Amino acid sequence: MNKKYILDLKVVAVEQLNEKNVLLKLSQDAPLPEMLPGQFVEVRVDGSTSTYLRRPISVNFVDKERNELWLMVATIGDGTRKLGQLKVGDTLNCVLPLGNTFTMPTSKEDNILLIGGGVGVAPLLYFGKQIKDFGANVTFLLGARTATDLLELEEFRKYGEVYCTTEDGSEGEKGFVTNHSVLQKGNFTQISTCGPKPMMVAVAKYAHAARIRCEASLENLMACGVGACLCCVEKTTEGNKCACTEGPVFDINRLLW
Ligand SMILES: Cc1cc2nc3c(=O)[nH]c(=O)nc-3n(C[C@H](O)[C@H](O)[C@H](O)COP(=O)(O)OP(=O)(O)OC[C@H]3O[C@@H](n4cnc5c(N)ncnc54)[C@H](O)[C@@H]3O)c2cc1C
Ligand code: FES
């Protein structure tokens, strides 16, 4: 098991990405611990009268030069709304790094497709950078309801081709990610996906049919984040597994979808 840290990180930047989503950039004086793509952080929500448990948030990006950890937060409930109110100079208590990681390519010939929906795009940015640094090819397919819900497009474009779908057709192809034409054109060797469960189930179905290796990052409800409370259990082909320690990334062949 990798060493875990409880750190008081300083908020060094807050970017409002759209009405609902905020990007928090965090740092500390000492170098940040090593974090790998797919891992997550359990953040303590201070100052909330209703949020007692830490909230799991994916590692969106690690900027090693600036010693920054980026977290993208969709403000959907009391806890995440409180996180969305953080200001530069505030402190955020984080337990990290948690969970397993996405599977890195083994060959520079590999052609990896990363499919994200909604705030599920968050962990794909850092993964995309690592794939590009390794020398393999990465393509992003990002889905949202409407154009303003597509997040960090300029960041994703630094690391690979970016294709989009929106349900209303306001950007990219109209419809769902699984209908995008790039799926017919690309010769992908692996798909990694994160987003709403119906989207990931549809991606898994496509990958099975196309015989492409595929893994999905689950966003099961979590509390402790370290395998103690069992609230994140996922039924798999090998029995019940904690998504926080055995996941969040699972090969779709292990999932009963
Ligand atoms: C491994 C992992 C990584 C995650 N990464 C991110 C991320 O990078 N950015 C981000 O914004 N969110 C992420 N989430 C989801 C985030 O943890 C939840 O949105 C958050 O815990 C909700 O807390 P809250 O207090 O705001 O909402 P609550 O008041 O607790 O709940 C508000 C509503 O959201 C629903 N909800 C709560 N948790 C989840 C969940 N995990 N998935 C779907 N619906 C939920 C509740 O059922 C309720 O309807 C991640 C979750 C997991 C498990
Ligand atoms: S969140 Fe407690 S066991 Fe996974």
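Residues numbered from 1 in each chain as written. Chains lettered and ligands numbered in written order. Predicted model: local features only at pLDDT ≥ 70, side-chain atom pairs only at ≥ 80, totals over all residues. Heavy atoms only, no water.

Caption draft 1: Structural view of the domain arrangement of the protein. Considered domain by domain, the protein is made up of domain 1 (5–98) and domain 2 (111–217). In this structure, domain 1 and domain 2 have C-alpha centres spaced 23 Å apart. Facing the 16 residues of domain 1 at the interface are 15 residues of domain 2. Together, the buried faces of domain 1 and domain 2 total about 1300 Å²; carbon and sulfur atoms form 66% of this surface. (Domains from an automatic or database assignment. Contact = heavy atoms within 4.5 Å. Buried area = accessible area lost by both parts, 1.4 Å probe.)

Caption draft 2: Focus on the site of ligand 1. Of all residues adjacent to ligand 1, which total 20 residues, the nearest are Arg55, Pro56, Met72, Ala74 and Thr80. A distance of 2.9 Å is found between a nitrogen atom of ligand 1 and a side-chain nitrogen or oxygen belonging to Ser58. In this structure, Ala74 approaches ligand 1 through a main-chain N or O atom, which is 2.7 Å from an oxygen atom. If ligand 1 stood free it would expose 890 Å²; the protein chains cover 72% of that surface. If one sorts the elements of the shell around ligand 1 by residue count, strand S4 (residues 55–58) sits on top with four residues. (Near = heavy atom within 4 Å. Polar contact = N/O pair within 3.5 Å; in protein donor to acceptor, adjacent residues only side chain to side chain. Areas by Shrake-Rupley, 256 points an atom, 1.4 Å probe, with all protein chains shown as cover. Helix = DSSP H or I, 4+ residues; strand = E, 2+ residues; numbered from the N terminus.)

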